Amino acid sequence: MANPAPNKSDEQLLSEFLGGRTVALGELARRYEAPLLGLACGVLGGRRDLASDAVQETWLRVIRFGKQFAGRSCFKTWLYRIALNQCRSLQAPRVAPSLDGDAGALPVDDRRPDRAAQQADENHALRAAVGRLDEDRRLVVLLCYHAGMTHAQAAEILDVPLGTLKSRLHAALTELRTTLGAEVTP
Amino acid sequence: MSDTPITELEQQLTALTAWAGPAPGLWRRSLAASRSGAKRAGRCWRLTGRVPGWVWGVSAAAVIFIAIGLAMQPRTARMLGIEFLGGMDRRIALTPDAGRGSESRTDDRFEFKGYSYESYGYQIPFGRNAKPNERLDARVALAADKGPFWQAGATDANTGSLTDRQVVRKAQVELLAKDVRAAFLKASHLISEAQGEYVQDSSVTGSGDRVEANLTLRVAATRLADVLNDLRGLGEVRSEQTGGEDVTGQVVDVEARLRNEKQVEAELLKLLESRQNAPLKEILDVRTSLGNVRQTIEQLTAQREKLGRLVSLATVLVIIRPADAPPPKPPPGLAAYLGQSLLDGLHRGALFLINTLATIVGVLVGGLVWWVLLVAAILIVRGYRRRRSATAG
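Residues numbered from 1 in each chain as written. Chains lettered and ligands numbered in written order. Predicted model: local features only at pLDDT ≥ 70, side-chain atom pairs only at ≥ 80, totals over all residues.

### Side note on the sheet that holds strand β5 (residues 212–220) of chain B
Residues and elements named next belong to chain B.
Then step 1. With mixed pairing, the five strands of this open sheet are ordered in space as β4-β5-β7-β3-β6. Of all the strands in the sheet, the pair left with one neighbour each is β4 (198–205) and β6 (236–246). In this sheet, adjacent strand axes meet at a mean angle of 10 degrees when their direction is disregarded. (Pairing = 2+ DSSP bridges. Helix = DSSP H or I, 4+ residues; strand = E, 2+ residues; numbered from the N terminus. Axes fitted to C-alpha atoms, helices over the stretch in contact; angles between N-to-C directions.)

### Thoughts on the nonpolar core
Then step 1. Grouped together as the largest cluster of nonpolar side chains are 62 residues, with contacts concentrated most on A40, A83 and V140 of chain A.
Then step 2. The element that contributes the greatest number of residues to this core is helix α2 (residues 22–43) of chain A, accounting for 11 residues.
Then step 3. The residues touching A83 of chain A, leaving out its near neighbours within four places in the chain, are L36, L39, A40, A54, V55 and T58 of chain A.
Then step 4. Counting 34 residues, the second largest nonpolar core, distinct from the first, contains L300, L310, V311 and I320 of chain B. (Core = buried A, V, L, I, M, F, W, Y, C linked by C-beta atoms within 7 Å. Buried ≥ 20, exposed ≤ 12 C-beta atoms within 10 Å, placed from the backbone. Contact = placed C-beta atoms within 7 Å.)

### Considering the pairing of β4 of chain B
Residues and elements named next belong to chain B.
Then step 1. With seven bridges joining them, β4 and β5 adopt antiparallel strand pairing. Each bridged residue has a counterpart across the sheet, and for V199 the counterpart in β5 is L217.
Then step 2. Taken together, β4 and the strand that follows it, β5, pair antiparallel across an intervening segment of six residues, in which G206 is found at a positive phi of about 80 degrees.

### Concerning the confidence of the model for chain A
Should pLDDT be low for a region, the predicted coordinates there are not to be read in detail.
Then step 1. Summarising the model, chain A shows a mean pLDDT of 80, and 77% of its residues fall at 70 or more.
Then step 2. Taken as a whole, residues 98–106 of chain A scores under 50 in pLDDT and shows 21 contacts with residues more than four places along the chain or in a different chain. (pLDDT = per-residue confidence, 0-100.)

### Topic: the environment of A67 of chain B
Residues and elements named next belong to chain B.
Then step 1. Following the sequence through the fold, A67 ends up in helix α3 (residues 53–71).
Then step 2. A count of 12 C-beta atoms within 10 Å places A67 in the exposed class.
Then step 3. Between the alpha carbons of A67 and T356 there is a distance of 9.7 Å; along the sequence they are 289 residues apart.

### Examining unusual backbone geometry
Then step 1. A positive phi angle, close to 60 degrees, is found at D159 of chain A, a residue other than glycine.
Then step 2. Within the secondary structure, D159 of chain A is located in the loop between α7 (151–158) and α8 (162–180).

### Quick word on the packing of α7 of chain A against α8 of chain A
Residues and elements named next belong to chain A.
Then step 1. The N-to-C vectors of α7 and α8 enclose an angle of 100 degrees; their axes lie 9 Å apart at closest approach. Taken together, α7 and α8 sit at an angle that is classed as roughly perpendicular. Contact with α7, carried on its side by H151, A152, A154, A155 and L158, involves L162, L165 and K166 of α8 and no other residues of that element.
Then step 2. Residue composition of the contact of α7 with α8, grouped by class: six nonpolar, one polar and one charged. (Parallel < 35°, antiparallel > 145°, perpendicular 65-115°, else oblique. Nonpolar A, V, L, I, M, F, W, Y, C, P; charged D, E, K, R; others polar.)

### Overview of the confidence of the model for chain B
Residue and element names in this part refer to chain B.
Then step 1. Across chain B, pLDDT averages 74, with 68% of residues at or above 70.
Then step 2. The element-level mean pLDDT for chain B is lowest in helix α6 (residues 100–109), coming to 35, with helix α13 (residues 334–366) highest at 91.
Then step 3. Counted against residues more than four places away or in other chains, residues 41–49, with its pLDDT under 50, gives 12 contacts.
Then step 4. Counting interchain partners and residues more than four positions distant, the pLDDT-below-50 stretch residues 83–162 has 112 contacts.
Then step 5. Among the prediction metrics, the complex's ipTM stands at 0.77, with pTM recorded as 0.40.

Encoded structure:
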């Protein structure tokens with residue numbers, strides 16, 4: 001089995017997969033599955049099970065509708081759009097932030113028990129505060145602070161102008177700080 | 001990322017969308033699901049084959065459409081045992097034609113359980129469930145009611161005495177004759193037109209050795225015995241049935257009511273004459289009452305005359321068949337009955353299948369425009385859903 005070159009672009013890998021090379025899809029998954037799971041987990045209020053469902057459904061749509069990818073945007077934004085749509089479909093009725101162990105998607109420092117407990121409380125408070133944002137602002141915040149995501153990509157995924165995205169981000173951070181009582185400034 | 005310096009909040013937000021641990025390889029499950037045709041439903045996977053949802057939708061619509069079409073088909077409804085009461089009057093209007101050939105056609109038409117044609121006052125059994133004699137009686141009863149109105153005058157004498165029994169007489173004679181047509185002509189000449197008798201129905205069906213003749217004679221009740229004797233001389237009597245229905249009670253009832261109404265009429269007339277100077281309103285009221293009473297008298301008189309016609313003219317159904325006609329088959333045994341039932345079932349099943357296919361073809365062809373519109377709508381919805389699912393690439 002020929003491994004796809006790591007330096008190949010996403011679009012090339014997708015094309016190879018559509019040509020019958022399953023391993024190309026594996027390479028795409030290696031690049032994006034974990035980030036997608038993280039984003040989905042954040043959007044779905046920390047529900048890892050729902051996040052898995054959303055990502056699994058995302059890959060299914062990539063497999064089924066990959067031929068319809070016309071290249072008008074980059075593969076990454078297309079993939080994230082699908083993932084966000086799946087999260088939206090799984091969100092109704094709106095998912096309450098998980099209070100159980102699944103919320104441990106946030107890494108906590110378990111070397112010091114007191115510090116770990118404090119961090120867990122902060123994580124829960126943050127997730128609850130994000131969950132109270134309206135959907136536009138919540139998605140902007142989650143996408144903009146998602147690993148490796150630029151503002152331009154986030155704007156393209158959300159299909160909003162870059163200026164709109166930044167204004168929403170500013171408003172969302174202000175609201176979060178107010179909610180959390182933070183003293184930091186942007 | 002934000003151009004602002006990294007703050008603790010931003011670090012926590014970044015951690016909020018970070019996945020702890022390795023990727024579970026969900027893409028493999030999706031790939032396997034795609035290959036097996038499985039469709040995700042919530043948190044479960046269910047196998048639906050490779051049939052997409054729109055196919056199920058179209059299939060369901062087609063099944064409903066065809067089921068409605070089938071249910072609206074009279075032939076299918078008849079197969080399913082649904083009775084169409086709307087067609088009853090039309091079918092009954094065809095029944096009075098007497099005769100063996102007509103009888104077999106009647107059997108084919110009347111596959112329902114039975115009807116009650118109450119306006120004639122008879123309970124008329126039809127169809128395969130009715131016994132042969134019942135069918136005959138029904139025909140004779142209907143035929144007896146078809147006498148012309150001018151016959152009424154000849155019957156008053158017979159209904160004059162209420163102490164006599166008032167009986168509607170009917171008879172059936174089945175004859176075997178070497179020359180069916182000659183016997184048919186002789187039978188039709190047995191009536192005496194001078195006494196108001198007439199041939200109500202007559203028919204000759206078939207040809208050669210299979211010719212059959214049928215007559216329904218209306219003869220004076222007093223001459224019934226003579227006519228039957230004459231008929232016996234036309235050939236070999238295979239069967240003969242006579243019967244009568246006592247309508248004395250009905251006649252007495254009608255006569256009593258008629259007398260009563262006439263008495264009321266006389267009283268009203270007397271009242272009208274004695275109160276000539278009464279207010280106009282009272283006179284008008286009396287006249288209205290008088291009109292109602294006279295209308296009732298006319299109805300009762302018509303009923304009495306009708307009963308008189310039924311009583312005065314007996315009905316004779318004559319069936320003439322060739323002398324060398326095969327004898328009727330004996331009643332079948334259990335095995336033969338089983339075989340015949342299976343054959344009938346097979347026949348009915350085949351008919352149902354044919355009707356179903358015909359209906360399906362009718363629905364497909366007749367609803368072609370709708371099918372095209374339905375397919376177009378499905379394609380539009382499907383394309384829209386695909387575009388939505390795949391998102392703009």
